[in-house]
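An overview of the molecular structure
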Amino acid sequence: MISVLESHKDGVSLWRAVLWGKIFLTATVTGLATGGVAYGVGAHHVATVTWMLTTILGAVSGAWWVVDSLRHHRFGVDLIALLALCGALAVHEELAGAVISVMLATGRSLEAWAAGRARRELRSLLERAPREAHRYSPDGLENVALEVLRPGDLVLVRSGEVVPVDGAVVGTIAVLDESALTGEPLPVERSPGDAVRSGVVNAGTPFDLRVTTTAAASTYAGILRLVNEAQHSMAPFVRLADRYAFWFLVLTLAATALTWVSSGGLERAVAVLVVATPCPLILAAPVAFVAGLSRAAKRGVIVKGAGTLERLAKCRTLLFDKTGTLTAGHPTLATVVSSDGMAIDEILRFAASLDQVSPHVLATAVVTAAMQRHLSLALPSNVEEVPGHGIRGSVEGHEVSVGKAAWVGMLGNPPWARNARRRAEAEGATTVFVGVDGVPVGALVLDDPIRVDAGRTIRELRRSGIDRIVMVTGDRAVVADTVGAVIGVDEVLAERTPTEKVDAVRLERHRAPTIMVGDGINDAPALALADVGVAIGARGATSASEAADVVLAVDRLDRLGEAAFIARRARRIALQSVIAGMGMSLVAMGVAALGYLPAVWGALLQEAIDVAVILNALRVLWPEEQTLRLTDHEAELAHRFSAEHLAIRTDLEQLRQAADAIGVEGADAAIARVRRVHRLLVDEVLPHEQAEDEVLYPALAKVLGGSDPLGPMSRAHAEISHLVRRLGLLLDDVAPGEPDDADIVELRRLLYGLHAILRLHTVQEDESLLSLAEPESPDGPVREASRAKD
């Protein structure tokens, strides 16, 4: 309730600020214009009174803002404007005062508008929180408010619903998506009696939950309180303009006093105050940062206010969540392992055909992988699915089963299954076994892949001034360490709770200004505490988006690098505008002090200075992009070759399995397998690499610039072609029958070498080249369901 009330208060305060900004700006502009019209038609007295009232309005508003700033222990530029307005009234320079009022109103309105525009883009933090629960009663099932739930109550959690309170599973296995709280991307099972935390999603069939805590004491409510506490523990941020205000004020007052004493009259002193009015400070910095907000919005980055953009430009430490931030956030088929020589595509086709009718999220990944490989799927029949075990049915006359090892009829732990499990454990993946006609034929290994643009984004951020990068995640250490090693972070903090994430952010903030990037509920408190919290909002939790200062509205991590570049550029241009404007104002102050610049003409000169610095500040809107842009044709080529890489990855797995089979399988079978792999390399891989050299690389070289930017990549193509040719020559030379030891060693060396270089080269192309293209379409929603992990 406290969070709701404070959120409401913040919203009301912001609404009032925006409304008053509009009223103040409208009134001052109207007063200035009306006075001008009256003066033009000869009604000089009316003009004077109108400008005087406009000046008084500006002075009253300025006085209120000065008092408010001092009350919050801030010293701003508004005090200089207030002195100039009072001086203009004292010497009857009403026109100059009206002009200053308009400038003051414009700067305030820009800041209020920027804050209000950003907040309107986001939903409330509490929008995701459940408000009701389905409680069992003697009269049946009833919907009740969370506040009335007590420990011991029995509630129903339907498919796709957020678990409303902490409790324990009753009666059946619950399949849960806990990624929002723990960072674990793959669904997990909870058996009867297991504890379940509020905030996770029921990704399986409905289940009963025995309540163990009240709603106020539940996990999700605690996270909401952490967000609220973190937001209110933030120190107030000092605007760029305010940092120059004190010394500029001291200089202005000294120049004004000296002019007053030396001239013996107040008119020159007021003229000095008028030209010293810090309109470059009031206007230039807000204009530059609002232009930066607009520029960022066009790239799909919502920044909540100019102050956030300025803080972003100064950050030197970056903390990343893992799941959904550095990784895709959903399971993807990594590889298919065959047990007895059945073709990999055939194993996948059988599994995907059966999984078409399954609601499980892993089934979605399997079907998606089969469709990407253009496999022809059949409609299954006689389908039976048991939560926590697997699914079975008939596909083209064959009995197919997909799920746990025991479900598909596996006895013991054969070498191929052991290798699949070992690989899955090392890489934080999960295995799903496939059986055909009662015989285990293979395993599907699914993982949460690293984003293709993650490595490039990390390098760009380091070049831009980020000198420390930490990955902090709730996921297991073995998985987190693997991801951290691949993308090159400085430190990995694994198995962290939301509270421990907050502690990590607090520690890093003591060292340097800090950015925190995340997308789950468990990230929200850390996002709120960081100097700049960045949420991956395209698929992330509402709580993360609300707690963050920056929201990436598109599901691309490289937008963070663009946002940082825009922030640094906006701050640099704002600083240029402020210094140039102050310099010109100082020159004008000297001229006014000598008596050559009356107050009215000083106000007009100040207007000219304002126009100059505002035009300079608007340069932020002009494109000066750090990230490379592809034309439609170049992007189409990138998408084409990215799709072909999916087939290449399947060929890579067959390369490794062929190498493993040499010396294990019979000689004839092993050599036949190698010959099939060689044919794949000749018919599919080499034409792909040649097309890249002839079509893709020349197109992208124009974008990358330089004399030969893709020379090393082309050299890799030459090495791949050389190794494939050597493999063909060796196969021609191998005598029929049993290959000797030297043949076996050489065949393995060539196959493993090809596997390694092709895998590395494909990843390099995906990360450095193909990830430059915008996605063809946004990711569709992932079905909220799960498949049992083995």
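These figures come from a predicted structure and were not determined experimentally.

With that settled, the discussion passes to the overall build of the protein chain. What the protein chain contains, in helices and strands, is 24 helices and 22 strands. When burial is assessed residue by residue, the protein chain has 53% of its 790 residues classed as buried. Expressed as a percentage of contacts within the protein chain between residues at least 6 apart in sequence, the contacts between residues at least 24 apart total 72%.

Okay, helix α2 (residues 44-71) next. Because the α-helix completes a turn every 3.6 residues, residues three or four places apart line up on one side. Spanning 28 residues, α2 covers 40 Å between terminal C-alpha atoms, matching the ideal 40 Å at 1.5 Å per step. A47, T50, W51, T54, T55, G58, A59, S61, G62, W65, V66 and S69 are the residues of α2 that are buried.

Among the nonpolar cores identified, the biggest contains 51 residues, and L318, F320, I515, V517, V534 and L560 are the most heavily contacted of them. The greatest single-element share of this core, amounting to 10 residues, is contributed by helix α19 (residues 558-593). Sequence-distant contacts of I515, defined by excluding residues within four places in its chain, comprise L312, C315, T317, L318, L319, I466, V532 and V534. Ranked by size, the runner-up nonpolar core spans 27 residues in total, among them F350, L354, V395 and V436.

Moving on, we get to a nonpolar patch on the surface. Residues V49, M52, L53, I56 and V60 make up a contiguous nonpolar surface patch of roughly 390 Å² in combined accessible area. Relative to the helices and strands, V49 is located in helix α2.

Right, let's talk about the sheet that holds strand β18 (residues 468-472) for a bit. Taken together, the 7 strands give an open sheet; going across it, the order is β10-β22-β21-β20-β11-β18-β19, and neighbouring strands pair in mixed fashion. Strand pairing shows two members of the sheet lacking a second neighbour, β10 (301-303) and β19 (491-493), which therefore form its edges. Neighbour to neighbour, the strand axes of the sheet diverge by 20 degrees on average, direction disregarded. With 4 bridges joining them, strand β11 (residues 317-320) and β18 adopt parallel strand pairing. For L319, the partnering residue across the bridge sits in β18 and is V470. This element, helix α10 (residues 306-314), spans β10, β20 (514-518), β21 (532-536) and β22 (550-552) of the sheet and lies at about 100 degrees to β21.

Right, let's get into helix α13 (residues 415-426). When the terminal C-alpha atoms of α13 are compared, their 16 Å separation across 12 residues agrees well with the 16 Å that a helix rising 1.5 Å per residue should span. Those residues of α13 not exposed but buried are W416, A417, A420 and A424. Seen along its axis, α13 keeps its buried residues to an arc of 100 degrees; they face one direction. Buried residues along α13 sit against β12 (332-338), β16 (430-436) and β17 (439-447). Just downstream of α13, G428 is the residue with a positive phi angle, here 70 degrees.

All chains considered together, the criterion is met by 2 aromatic pairs. Cation over ring: R349 sits above F350, and NZ or CZ is 5.3 Å from the ring centre. Positioned above the aromatic ring of W407 is the side chain of R392, whose terminal nitrogen or guanidinium carbon lies 3.8 Å from the ring centre.

Alternating positions in strand β3 (residues 154-157) separate into two faces, L154 and L156 on one and V155 and V157 on the other, with burial throughout. One ladder, built from 4 bridges, connects β3 with strand β9 (residues 207-211); its direction is antiparallel. Bridging from a neighbouring strand, L156 pairs with D208 of β9.

This next bit is on the pattern of salt bridges. Overall, the coordinates contain 24 salt bridges when judged by the stated rule. Residue R509 is joined to D531 by a salt bridge in which the shortest nitrogen-to-oxygen separation is 3.3 Å. Taken together, the positions of R509 in helix α16 (residues 498-511) and D531 in the loop between α17 (524-529) and β21 put the pair 22 residues apart, joining distant regions of the chain. On the basis of relative accessible area, R509 is assigned to the partly exposed category, the value being 27%. A salt bridge links E644 to R640, with the nearest nitrogen and oxygen atoms 3.4 Å apart. Taken together, the positions of E644 and R640, both in helix α21 (residues 632-661) and 4 residues apart, correspond to about one turn of that helix. For E644, a relative accessible area of 27% translates into the label partly exposed.

In this section: the packing of helix α14 (residues 454-463) against α19. Interaxial distance between α14 and α19 falls to 8 Å at its minimum, and their mutual angle equals 20 degrees. One way to sum up the angle between α14 and α19 is to call them roughly parallel. Viewed along their axes, α14 and α19 form a crossing whose handedness is left-handed. Here R456, T457 and L461 of α14 lie close against α19, whose contacting residues are D558, L560, G561 and A564. Taken together, the residues of the contact of α14 with α19 break down into 3 nonpolar, 2 polar and 2 charged.

Attention shifts here to the sheet that holds strand β2 (residues 140-145). Ordered by their spatial adjacency, 6 strands build an open sheet running β2-β1-β3-β9-β4-β7, and the pairing between neighbours is antiparallel. Looking at the sheet topology across the chains shown, the edges are occupied by β2 and β7 (195-196). Where strand β1 (residues 132-137) lies against β3, 2 bridges are found, and the strand directions are antiparallel. Note that in β3 the partner of H134 across the bridge is L156.

A word on the pairing of β11. The alternating pattern of β11 places T317 and L319 and L318 and F320 on opposite faces, both of which are buried. As paired strands, β11 and β20 are joined by 4 bridges and run parallel to one another. Across the sheet, the residue bridging to L318 is I515, located in β20.

Thresholds, definitions, all that
Residues numbered from 1 in each chain as written. Predicted model: local features only at pLDDT ≥ 70, side-chain atom pairs only at ≥ 80, totals over all residues. Heavy atoms only, no water. Helix = DSSP H or I, 4+ residues; strand = E, 2+ residues; numbered from the N terminus. Buried < 20%, exposed > 50% of the residue type's maximum accessible area, 1.4 Å probe, protein only. Contact = heavy atoms within 4.5 Å. Expected span 1.5 Å × (residues − 1). Core = buried A, V, L, I, M, F, W, Y, C linked by side-chain atoms within 4.5 Å. Patch = residues over 30% accessible without salt bridge, like charges linked within 9 Å, V, L, I, M, F, W, Y side chains within 5 Å. Areas by Shrake-Rupley, 256 points an atom, 1.4 Å probe, with all protein chains shown as cover. Salt bridge = Lys/Arg side-chain N within 4 Å of Asp/Glu carboxyl O. Pairing = 2+ DSSP bridges. Axes fitted to C-alpha atoms, helices over the stretch in contact; angles between N-to-C directions. Arc of directions from axis to C-beta. Phe/Tyr/Trp six-rings, centres within 6.5 Å; stacked < 30°, edge-to-face > 60°. Lys NZ or Arg CZ within 6 Å of the ring centre and 35° of its normal. Parallel < 35°, antiparallel > 145°, perpendicular 65-115°, else oblique. Left-handed = near helix turned anticlockwise from the far one by under 90°. Nonpolar A, V, L, I, M, F, W, Y, C, P; charged D, E, K, R; others polar.

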